[in-house]
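Descriptive structure summary
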Amino acid sequence: MRPEREPRTGEGTRPSPAVRDRDDDLSVLFGMSTALFASMAGPAHVLEAANPAFFTAIGGGQRERTGVPLGDLMPELEAQGFLRLLDQVYMTGERHVGRDTRVVIGAGSRAREAYFDFTYEARRDAGGNVVGVRMIGVETTQAKHARRLAAEQRALLEQIARQAPLPEVLEGMCRVIEELSPDVIVSVLLADEEGRRLHHGAAPSLPAFYNQAIDGIAAGEGVGSCGTAAHRRRMVIVTDIATDPLWDGFRELAARAGLAACWSTPILGREERVLGTFGMYHRTPRAPQDADLALAGMFVDTAALAVERHHAERDRRMADAREKAARDDLSYLLTVSTALAGPLEEGQTLRRLAELAVPALAPLAAVDVLEAGRVHRVAAAAVTGRARELLASPGAAREFLETEDDAVARVLATGLTEVARRTPAGPGPWEELGVTGYLCVPLMDRELPFGVLSLYATDDAALDGHRIALAEEVARRAASAAHNARQYAQRAALARDLQTGLLLPDLPDVPGAQMAAFYHPAGQGLDIGGDFYDVFPRGDGSWSFVLGDVCGRGAKAATTTALVRHTARAVAPLLDDPVAVVKAVDRALNDRNAQQNNGFVTLVYGHLTPAGDGLAVELVRAGHTLPLLLDSGHTVTPVEAHGGLIGIGVPPRLDAVRFTLRPTESLVLYTDGITECRGENTEQYGDARLAKALASTPAHPSAAEIVRKLTEDIRAFTDGRRVDDDQAALVVTAEGP
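All of the points below concern the structure found in this document. Given the structure is predicted, the values throughout are model-derived calculations rather than measurements.

Helices and strands together make up the secondary structure of the chain, namely 21 helices and 26 strands. Classification of the 737 residues of the chain by burial places 50% in the buried group. Taking contacts inside the chain between residues at least 6 apart in sequence as the whole, the part at least 24 apart equals 61%. Entry remark: accessible area of the chain is about 35400 Å², with carbon and sulfur atoms responsible for 52%.

In this section: a nonpolar patch on the surface. Taken together, the side chains of Phe600, Ile648 and Val650 define a hydrophobic patch exposed on the protein surface, amounting to about 260 Å² of accessible area. For phenylalanine 600, the position within the fold is in the loop between α18 (578-590) and β20 (601-611). Among the residues examined, phenylalanine 600 registers a relative accessible area of 34% and is labelled partly exposed.

Let us look at the nonpolar core. It is characteristic of soluble globular proteins that their nonpolar side chains tend to be buried jointly. In terms of nonpolar packing, the biggest core is built from 35 residues, with Leu361, Val367, Leu443 and Leu455 touching the most fellow members. Looking at this core, the elements with two or more residues in it are α11 (290-340), α12 (346-357), β12 (364-371), β13 (374-382), β15 (437-445), β16 (448-457) and α16 (465-502). For this core, the element with the most residues is α16, which contributes nine residues. Discounting chain neighbours no more than four positions away, the residues touching leucine 455 are Ala357, Leu361, Ala362, Leu364, Ala365, Gly437, Tyr438, Leu439, Leu463 and Ala471.

The strand order across the open sheet formed by five strands is β13-β12-β16-β15-β14, and the pairing between neighbours is antiparallel. Where the open sheet ends on each side, the last strands, each with one partner, are β13 and β14 (418-420). Neighbouring strand axes in the sheet, compared pairwise and without regard to direction, differ in orientation by 15° on average. Where β14 and β15 come together, three bridges link them in antiparallel fashion.

Our next topic: the pattern of salt bridges. Counted by the stated rule, this structure contains 34 salt bridges. A salt bridge links arginine 486 to glutamate 346, with the shortest nitrogen-to-oxygen separation between them at 2.7 Å. In this pair, arginine 486 sits in helix α16 while glutamate 346 sits in helix α12, placing the two residues 140 residues apart along the sequence. Here glutamate 432 and arginine 386 are joined by a salt bridge, their closest N and O atoms 3.4 Å apart. Taken together, the residues glutamate 432 in helix α15 (residues 430-433) and arginine 386 in helix α13 (residues 385-392) connect sequence positions 46 residues apart. A relative accessible area of 53% means that glutamate 432 is categorised as exposed. Connected via shared salt-bridge partners are Glu193, Arg273, Arg314 and Asp315.

The next thing to look at is the pairing of strand β7 (residues 197-202). One ladder, built from four bridges, connects strand β6 (residues 185-191) with β7; its direction is antiparallel. When the bridges of β7 are listed, leucine 190 appears paired with histidine 199. In sequence, β6 turns back onto β7 through a hairpin of five residues, with glycine 195 there showing a positive phi of about 75°.

What counts and how
Residues numbered from 1 in each chain as written. Predicted model: local features only at pLDDT ≥ 70, side-chain atom pairs only at ≥ 80, totals over all residues. Heavy atoms only, no water. Helix = DSSP H or I, 4+ residues; strand = E, 2+ residues; numbered from the N terminus. Buried < 20%, exposed > 50% of the residue type's maximum accessible area, 1.4 Å probe, protein only. Contact = heavy atoms within 4.5 Å. Areas by Shrake-Rupley, 256 points an atom, 1.4 Å probe, with all protein chains shown as cover. Patch = residues over 30% accessible without salt bridge, like charges linked within 9 Å, V, L, I, M, F, W, Y side chains within 5 Å. Salt bridge = Lys/Arg side-chain N within 4 Å of Asp/Glu carboxyl O. Core = buried A, V, L, I, M, F, W, Y, C linked by side-chain atoms within 4.5 Å. Pairing = 2+ DSSP bridges. Axes fitted to C-alpha atoms, helices over the stretch in contact; angles between N-to-C directions.

In structure tokens, the structure reads:
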């Protein structure tokens, strides 16, 4: 701010009559104006004349007098530099202009901050000499406050727009009002969802004990200014708390807080819903001025906007939370279903159930089942190993059904869920585990309970309605999985029994030969293998051997393997030619009716006859993988034998191959389930790896050593993964001398 200057033309101490007349005219001109005018004479700046607006601005009262140096009338101007400015204008004659200048008027508790636009200009006599200083100005305090109010309003709106926390917005609003109106103490109370009670929102200048005391007051008639305003839905003005009946229940509290007056405006949202109250307190009894009411009206609207924006954001977050919870529930249920969908036995299924329940549903979980009239704890899970041991201990479960004080027994008896927010009745490590509640959900099979999923809550995890519903759905899925696992086990047992009848439990002792076999069905016993092998005597000192693969799996494949084996056993003693035996099997397959027909069969069939130089072998290959010959030098050679599939309705063209298996040499028959199994990178095992595994056996291996090497190599290749097809191998080794 640069002062405007004019040339100095002279000095003087007494104004001439012409100067006095001009100042009198100015005094008349500014007499009733809101502009400030004052005329000062001499270097002491003696106040000669001033209009009423000037005296009002400087505090009125004892200060409404002339003939006194301005420094004596307003001593606070000295420290603020205004007297030096007067001296400068008086001495130089140059005008000084101040814009929006801050002035503290008065001292102590009566001091007030004000802002002025003003001009100091020299007063001159007829000769041009400076005889005093004239001040003309206007107070800009209200305009400045209005600008600041608008700026603060914009700042609050920006806070609301960027979704600042509601307490931050409300406290900032309170502080702005208290700075603009220093005598005011502002409080904002927020209504609950029903609009029946008011809770603390913001009141930075009220004592903490007062805020705590009024937190949760009712919105009703006679409940102070704020409770009554919320009830009436209009402004309530109490000019003297000490005498107003609305404050009968809070008068002593207000006195302790030093509050004497309060007017409160309800904060109303859309559809006139009460969002809260906006209270303005004073420490002396007084009524609100127009400025107070305007200020309240402005900030009530801002508060309503902030509260409604907060409610909208809260509702959005709650909706997002519900949506996320629903997604999490679906994801969790999908995880549960996936984990229980595998080929598990019943015990594994129930143990998996307990593990899946922790910590998603509760920090502690147990599963009990009813067997032969007794309750057995089959699974326990916890967030710590020690807690799991305690929950799995005999003292945590009962074997006998005692329905009076045992929740598990009651649920098994009724088939109904039971929940309680207390420690379970009866003995148990409940105190050590910190159990504060439990939930017992029945596991149902055909509308009858066979087990119970028990969830135990601690101080850190409560069992609410959401968890109860989720636990019941998990229990339903687990019960279904356990039922399927039970059926799976029964079918697997049946399949194993049937397979036992289809496969020889032990290979016979063949003179001059060692025999070993390997069989690994796909499907862990549920799918009866389509691969088969057999070794049996022909009655003339020779032996028949066969290894084959039936198209498909299951019961039809089992019946086909039985047909092939039994047909071969029946005709082999009667037919010396292996080709004739295979053709007899082909006729038997083709004679099946349409319902029994399960497709084609591949096999290798042959005769073994002990000889002086080893074993005489005559074999036929019908569409099967080539047999392999492992000689004494560990060279692996395929046995070339030609022949087509059997059981397809077309007579096969078959040729027999004859050779001698020398001592320590081995004949290896295998199914394509071995060469076509896959490793981690989907690569097939293949013929080359099979030959390499056979060649890596020790010198002069026995049939059992060859089978062991082969199974170890296959297991290492598949890394324990489940195979998709049956695997079978038969090894014949000629004994050494």
